Amino acid sequence: DHWPTDQEVSEGLKVARLYKNHRSLVKDLPIVLELNLEGHTETKFNSYEVEHIMPQDLTPEWIQDLGPTATNIHERLKNTAGNLVLLTREEQMQAGQKRLNDKKVVYAASPLLTTKWICNYSDWGERQIHERSDWLFERIRHLWPRPVAF
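Residues numbered from 1 in each chain as written. Predicted model: local features only at pLDDT ≥ 70, side-chain atom pairs only at ≥ 80, totals over all residues. Heavy atoms only, no water.

Q: Looking at this model, I keep getting lost on the packing of aromatic side chains. Mind explaining?
A: By convention here, two paired aromatic rings are described through the distance between centres and the angle between planes. Applying the stated criterion across every chain, the model contains 3 aromatic pairs. Both rings, one in W117 and one in Y121, keep their centres 5.5 Å apart while their planes meet at 65 degrees; by these two values the pair is edge-to-face. The exposure class of W117 is buried, given its relative accessible area of 16%. Its relative accessible area of 11% is what places Y121 among the buried residues. Seen from their ring centres, Y121 and W124 are 5.5 Å apart, and the 80 degrees between their planes marks the pair as edge-to-face. When sorted by exposure, Y121 lands in the same class as W124, which is buried. An aromatic cluster is present here, built from W117, Y121, W124 and W135 joined pairwise through their rings. (Phe/Tyr/Trp six-rings, centres within 6.5 Å; stacked < 30°, edge-to-face > 60°. Buried < 20%, exposed > 50% of the residue type's maximum accessible area, 1.4 Å probe, protein only.)

As structure tokens, this is what we get:
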């Protein structure tokens, strides 16, 4: 009988390891958000899978990009909502574990606005993942406002 507060949802998106613990939500949430964005185009979502922007396994390039606290950032944020997008299997193969600027070519070609949004960034780390979590939260809050009665 608990409806989470906006604060709980916002913070949860930043720290919950959704990819590891809530696999169906990880794919369903971006689909629902995508369907409710202005400018959305018809898409067959069954061909999409979850992609980690900052990869699941750190490469030397990502360690360099993330800086001296790379391992800590990676461990805490790799499976959070702000670091996940939807791509087709083919797009995933193209993106691989590349740096963000190399992945952006793939993201820009995606018909999904939630994936294209990543192209707004020139680098990817803790601040950007938290900003994306905030962006996702604002859309969630708009779609599912907290009832006044709670």
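Q: I keep staring at the pairing of strand β1 (residues 48–52) and nothing clicks. Help me out?
A: It is a general feature of regular strands that their side chains alternate between the two faces of the sheet. Counting buried positions along β1 yields 4 of 5 residues, so the element is predominantly enclosed. The pairing of β1 with strand β2 (residues 84–88) spans 5 bridges and is antiparallel. Within β2, the residue paired with Y48 across the bridge is T88. (Helix = DSSP H or I, 4+ residues; strand = E, 2+ residues; numbered from the N terminus. Pairing = 2+ DSSP bridges.)

Q: What is the right way to read the nonpolar core from this model?
A: The nonpolar side chains of soluble globular proteins are, as a tendency, buried together. I53, M54, L100, Y107, I118 and W124 are the most contacted members of the largest nonpolar core, which has 24 residues in total. At the level of secondary structure, the elements contributing two or more residues to this core comprise α3 (23–35), α4 (60–66), α5 (70–77), β2, α7 (100–109) and α9 (126–143). Broken down by element, this core gets its largest block of residues, 4 residues, from α9. Those residues in contact with I53 that sit more than four places away from it in its chain are W62, G82, N83, L84, V85, L100, K103, Y107, I118, W124 and R132. (Core = buried A, V, L, I, M, F, W, Y, C linked by side-chain atoms within 4.5 Å. Contact = heavy atoms within 4.5 Å.)

Q: What should I look at first to understand the pattern of salt bridges in this one?
A: Opposite charge on two side chains permits pairing when their charged atoms draw close. Counting across every chain of the model gives 6 salt bridges. One salt bridge connects R127 with E131, and the closest N-O pair in it is separated by 2.8 Å. With R127 and E131 both in helix α9 and 4 residues apart, the pair spans about one turn of that helix. A salt bridge links R141 to E138; the shortest N-O distance between them is 2.6 Å. Of the two residues, R141 and E138 are both situated in helix α9; the distance of 3 residues between them amounts to about one turn of the helix. Here E138 falls in the partly exposed class, since its relative accessible area comes to 35%. (Salt bridge = Lys/Arg side-chain N within 4 Å of Asp/Glu carboxyl O.)

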